[in-house]
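# Descriptive analysis of the structure
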There are 2 protein chains.
Amino acid sequence: MLIPTAKRMQNVRRSFVREILKATTNPEIISFAGGLPNPKFIPVDPIAEAVQFTLAAQGAAALQYCTSEGHPLLRQWIADQYNAAGLSVGADQILITTGSQQGFDLLGKVLLDPGDRVIVEDPTYPAALQAWGMYEPVFCPAPTGPDGIDAKRLRKEIESGAKLVYCMPNFQNPTGSSYSAERRAEVADALRNSSTVLVEDDPYGLLRFSGVALPPIACHLPEQSVLLGTFSKTIAPGLRLGWICAPKQLMEKLVIAKQAVDLHSENLGQWVIHRLVTSGRFEQHLQAIRDAYGRQCRMMIEAIERYLPREVRTTRPEGGMFLWVTLPPGILAADLFERAIQKGVAFVPGRAFFAHGGGENAMRLNFSNSDESRIVEGIRRLAAAMEEM
Amino acid sequence: MLIPTAKRMQNVRRSFVREILKATTNPEIISFAGGLPNPKFIPVDPIAEAVQFTLAAQGAAALQYCTSEGHPLLRQWIADQYNAAGLSVGADQILITTGSQQGFDLLGKVLLDPGDRVIVEDPTYPAALQAWGMYEPVFCPAPTGPDGIDAKRLRKEIESGAKLVYCMPNFQNPTGSSYSAERRAEVADALRNSSTVLVEDDPYGLLRFSGVALPPIACHLPEQSVLLGTFSKTIAPGLRLGWICAPKQLMEKLVIAKQAVDLHSENLGQWVIHRLVTSGRFEQHLQAIRDAYGRQCRMMIEAIERYLPREVRTTRPEGGMFLWVTLPPGILAADLFERAIQKGVAFVPGRAFFAHGGGENAMRLNFSNSDESRIVEGIRRLAAAMEEM
């Protein structure tokens, strides 16, 4: 028998980025494709120590069911970070999620009816499109540039009615660009007095290696903003722990949705992360990541300038994990990808990041997951692939 | 501003069982309410050892992103168990989930359109109703008794068209009853040549302390069956790891849904569980749980017979964690609950387990999470509460 699936599943596909990741497990291939943190900075020994400490101190309690909202001390620590960044947030506004990916799913469940309009940066993070796509909204892309999302276009989309707008103001995935202070204020102005919710995603904010951090857009609009965060980029993605920070009126519904989807997130890992972030060595750990990623980013930009054709353009991020590279006229990223794989280097073609098409002449390069020598070699392979075209 | 939520969220409430759990954190209260494993049998030291082993052997790889499908060796081990039980299953039919709760959510996402009919046992597991309720199906309850779901009623519901039927044939939650071999065959017969999918949930199957295990219903209908499983009852619920076993044609869509909701389940825990189940001591660990729960179950039944009024009826499970107790005429479980809490004992009123009402004179008692002396004392408190009525 053929099992009929739900309507929402009929046009979905596997995540292109995750499928590329599978294709690049060959260790011969230098992968600039994934968004993986450098394994060198996954704190294996501190995690092992924190597990032992937690199990010795808590015993079975750290392995039993826990509340759907998450570990109270970890929620308080997250709220404290926001308060230090200029927001005014209680621990009761924090819901621990199974990675920030689950934040998208829970927000979709709680907020989106089929046909609702969702404004996204163009290009944007494809896994957000994938998660929300299941709730059958209409995506309304607004171009994003070196200073952030196009504020005029955003205002127009908000005036046409939208349930939410999705912004990543720090080191955006895929472009690496950050919103200026002015753009943040303009986005808040455009949203004010509308019923559109701001979803402000900040997976990379702590990975700033140059420039000065700016307060979240949510500071301007606390009652209308949801913030998403994750420990995947600063501690370890495999632990699958992130969070939603939401206005109290949304929390009740988000907790119900959380109960429905997985009861609660992994308990032991929440204790472990709380121990790591309060160990007194967390800032030092972050600084080591920032220093390394900063060097890797500069190395990649230098290699691009040295080895790739002069017409190639790249963004110059102040943090995060990605460069957005525009190819010379006449070179399509999809064609380059095929040749690049043969030369032993992978990236994500720009097309994957656009809700309704675009980016055919662009690509995303990850600089976090390759050491400096591999970065230079990878860019040289990319140059060899381009030369053939 | 008031943030408008999606239509699907307008009639949902927090899980009643999980809210009762919060009310019973007072250690003075003897709780027969939750479905928690006894913390004595959560293998804290073996888990600590398995974490150290995994981190020493795998390093950062056990903390990095992994495939959405889950740890290949763990998937193979699960498939092997099914094959030993009479099914014919490949590792590629196993998807690791964030607890079996996520199995419900993923199946809802992949299978359910609004208005689809879902046949459930009456009474049934409320968290399944909560998860699937988000996809706005129509629940069609079919009574379940000492030998399983009413086969005639099931056949009628299938003939009226249903997307899926949800069965828990071993030590059902909440009644503790198991399907007879005949009833299993009748259920399979009723489903055969229909387009209704069997969802066979088996969280407690390994916790059999008397009687003889029967093969899954899915043995009769492999192409039409989805099996759900979990490590929550045999290892530790806080690790949030379970699985779906599905026909290959469904797996592709389930993996896409999995990517959308949380990319993958916690990585380290999958390694840890694989080490525990292949350690050679897993069967011994299970036997210790079975022995203890068997004693606790007998102790609770004896205490009920000794201390509660003669008109009280209880099921006599051969495994699992729950008794289903019918109260004397004229006593409502909701009224008893209020008095019982005052006397220092908690349970779940039967009403919570019915999709469309019922069970007002019944209650679910958990015997796994209380030691023998607490069980007797708890039933005495219940007797005192009943006496007042």
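Residues numbered from 1 in each chain as written. Chains lettered and ligands numbered in written order. Predicted model: local features only at pLDDT ≥ 70, side-chain atom pairs only at ≥ 80, totals over all residues.

## Structural notes on the overall build of chain A
Scanning chain A for helices and strands turns up twelve helices and 14 strands. Here the C-alpha radius of gyration of chain A, 21 Å, is about what a compact globule of 389 residues would show, namely 21 Å. Each principal axis of the C-alpha distribution contributes one length, and for chain A these read about 60 × 60 × 50 Å. Expressed as a percentage of the 389 residues in chain A, the buried residues total 57%. A sequence separation of at least 24 residues applies to 75% of the contacts in chain A between residues at least 6 apart. (Helix = DSSP H or I, 4+ residues; strand = E, 2+ residues; numbered from the N terminus. Rg over C-alpha atoms; globule rule 2.2 N^0.38 Å. Buried ≥ 20, exposed ≤ 12 C-beta atoms within 10 Å, placed from the backbone. Contact = placed C-beta atoms within 7 Å.)

## Focus on the sheet that holds strand S7 (residues 197–201) of chain A
Residues and elements named next belong to chain A. The strand order across the open sheet built from eight strands is S2-S9-S8-S7-S6-S3-S4-S5, with neighbouring strands paired in mixed fashion. Both edges of this open sheet fall to strand S2 (94–97) and strand S5 (148–149), since each of them pairs with a single strand only. With six bridges joining them, strand S3 (residues 117–122) and strand S4 (residues 138–145) adopt parallel strand pairing. Bridge pairing in S4 places arginine 117 opposite valine 138. Docked against the sheet, helix H6 (residues 151–159) engages S3, S4, S5 and strand S6 (164–167), running at close to 160° with respect to S4. Sheet strands in contact with helix H8 (residues 248–262) are S2, strand S8 (225–230) and strand S9 (242–245), and its direction is about 20° off that of S2. (Pairing = 2+ DSSP bridges. Axes fitted to C-alpha atoms, helices over the stretch in contact; angles between N-to-C directions.)

## Quick look at the relation of the copies chain A and chain B
Between chain A and chain B, which share one sequence, the superposing operator has a rotation angle of 180° and an axial displacement of 0.0 Å; the RMSD is 0.0 Å. Here the transformation between the copies is reduced to the relation of a two-fold axis. Interface residue correspondence from chain A to chain B reaches 100%, placing this contact among same-surface, isologous pairings. (Least-squares fit on C-alpha atoms with pLDDT ≥ 70 in both.)

## Quick word on the confidence of the model for chain A
Overall, the prediction assigns chain A a mean pLDDT of 96, with 99% of residues at 70 or greater. Both confidence scores are given for the complex: pTM 0.97, ipTM 0.96. (pLDDT = per-residue confidence, 0-100.)

## Description of the pairing of strand S11 (residues 322–326) of chain A
Residue and element names in this part refer to chain A. Buried residues dominate S11, accounting for four of its five residues. In the sheet, S11 pairs with strand S14 (residues 362–366) via five bridges, with the strands oriented antiparallel. Across the sheet, the residue bridging to tryptophan 324 is arginine 364, located in S14.

## Some words on the domain arrangement of chain A
Residues and elements named next belong to chain A. Segmenting chain A into domains produces domain 1 (7–43 + 283–387) and domain 2 (45–277). Look at where the C-alpha atoms of domain 1 and domain 2 centre, and you get two points 24 Å apart. Taken together, the 34 residues of domain 1 in the interface contact 37 residues of domain 2. Listing elements by their share of the side of domain 1 that touches domain 2, those giving two or more residues are helix H1 (16–23), helix H10 (282–307) and S11. Ranked by the residues each element gives to the side of domain 1 that touches domain 2, the list is headed by H10, at seven residues. Class assignment of the residues belonging to the side of domain 1 that touches domain 2 gives a composition of 19 nonpolar, ten polar and five charged. (Domains from an automatic or database assignment. Nonpolar A, V, L, I, M, F, W, Y, C, P; charged D, E, K, R; others polar.)

## Side note on the interface of chain A and chain B
At the interface, 67 residues of chain A touch 67 residues of chain B. Among the secondary structure elements, those contributing two or more residues to the side of chain A that touches chain B are helix H2 (44–58), helix H4 (99–111), helix H5 (126–133), H8 and helix H9 (267–277) of chain A. It is H8 of chain A that contributes the most residues to the side of chain A that touches chain B, nine residues altogether. Among the residues forming the side of chain A that touches chain B, the class breakdown is 36 nonpolar, 19 polar and twelve charged.

## Considerations on the packing of helix H2 (residues 44–58) of chain B against helix H9 (residues 267–277) of chain B
Residues and elements named next belong to chain B. Two elements in contact, H2 and H9, have axes whose closest approach is 9 Å; the angle formed by their N-to-C orientations is 115°. Regarding the angle of H2 to H9, the classification is roughly perpendicular. The two elements H2 and H9 cross, and the hand of that crossing is right-handed. Each of Pro46, Ile47, Ala50, Val51, Phe53, Thr54 and Gln58 in H2 lies in contact with H9, whose residues at this interface are Leu268, Trp271, Val272, Arg275 and Leu276. Residues belonging to the contact of H2 with H9 are distributed by class as follows: nine nonpolar, two polar and one charged. (Parallel < 35°, antiparallel > 145°, perpendicular 65-115°, else oblique. Left-handed = near helix turned anticlockwise from the far one by under 90°.)

## A short note on the nonpolar core
One finds Val226 of chain A together with Val226 of chain B to be the most contacted residues of the largest nonpolar core, which totals 204 residues. Residues in contact with valine 226 of chain B, not counting those within four places in the same chain, are Leu107, Val197, Leu198, Val199, Ile244, Cys245, Ala246 and Leu250 of chain B. (Core = buried A, V, L, I, M, F, W, Y, C linked by C-beta atoms within 7 Å.)

## Remarks on the environment of threonine 315 of chain B
Residues and elements named next belong to chain B. The topology assignment puts threonine 315 in the loop between strand S10 (313–314) and strand S11 (322–326). On a C-alpha basis, the gap between threonine 315 and isoleucine 244 in space is 29 Å, while along the polypeptide they are 71 residues apart. With sequence-adjacent residues up to four places away left out, threonine 315 is seen in contact with Thr175, Gly176, Ser177, Leu323 and Trp324.

## What about H2 of chain B?
Over its 15 residues, H2 of chain B runs 21 Å from end to end, which matches the ideal 21 Å to within 8%, given 1.5 Å per residue. Those residues of H2 of chain B that fall on the buried side of the exposure criterion are Ile47, Ala50, Val51, Thr54 and Leu55 of chain B. Burial along H2 of chain B is one-sided: seen end-on, the buried residues are contained in an arc of 125°. Residues of H2 of chain B that are exposed and point more than 90 degrees away from the buried face comprise Asp45, Ala56 and Ala57 of chain B. Taken together, the buried residues of H2 of chain B touch H2 of chain A together with H9 of chain B. Backbone geometry just downstream of H2 of chain B places glycine 59 of chain B in the positive-phi region, at approximately 60°. (Expected span 1.5 Å × (residues − 1). Arc of directions from axis to C-beta.)

## Considerations on the sheet that holds strand S5 (residues 148–149) of chain B
Residues and elements named next belong to chain B. Pairing is mixed in the open sheet, where eight strands are placed in the order S2-S9-S8-S7-S6-S3-S4-S5. Two strands bound the open sheet, and with one partner strand each, they are strand S2 (94–97) and S5. The pairing of strand S7 (residues 197–201) with strand S8 (residues 225–230) spans four bridges and is classified as parallel. Residue pairing across strands places valine 199 opposite valine 226, the latter belonging to S8.

## So, the pairing of S8 of chain A
One face of the sheet, then the other: side chains in a regular strand alternate in exactly this way. All names here are of chain A. By the criterion of burial, S8 is predominantly enclosed, with six of the six residues buried. When S8 meets S9, the two strands line up antiparallel, connected through four bridges. From the neighbouring strand, leucine 228 faces S9, where its bridge partner is isoleucine 244.

## Description of H9 of chain A
Residues and elements named next belong to chain A. Burial within H9 is extensive, with ten of its eleven residues counted as buried. For H9, the set of buried residues is Asn267, Leu268, Gly269, Gln270, Trp271, Val272, Ile273, His274, Leu276 and Val277. In the core, the buried residues of H9 are packed alongside H2, helix H3 (72–84), S2 and H10.

## Description of the environment of methionine 321 of chain B
Residues and elements named next belong to chain B. Mapped onto the elements, methionine 321 comes out in the loop between S10 and S11. As a C-alpha pair, methionine 321 and isoleucine 375 span 54 residues in sequence and 13 Å in three-dimensional space. Not counting the four nearest positions on each side in its chain, methionine 321 is found in contact with Gly35, Tyr204, Tyr293, Asn366, Phe367 and Ser368.

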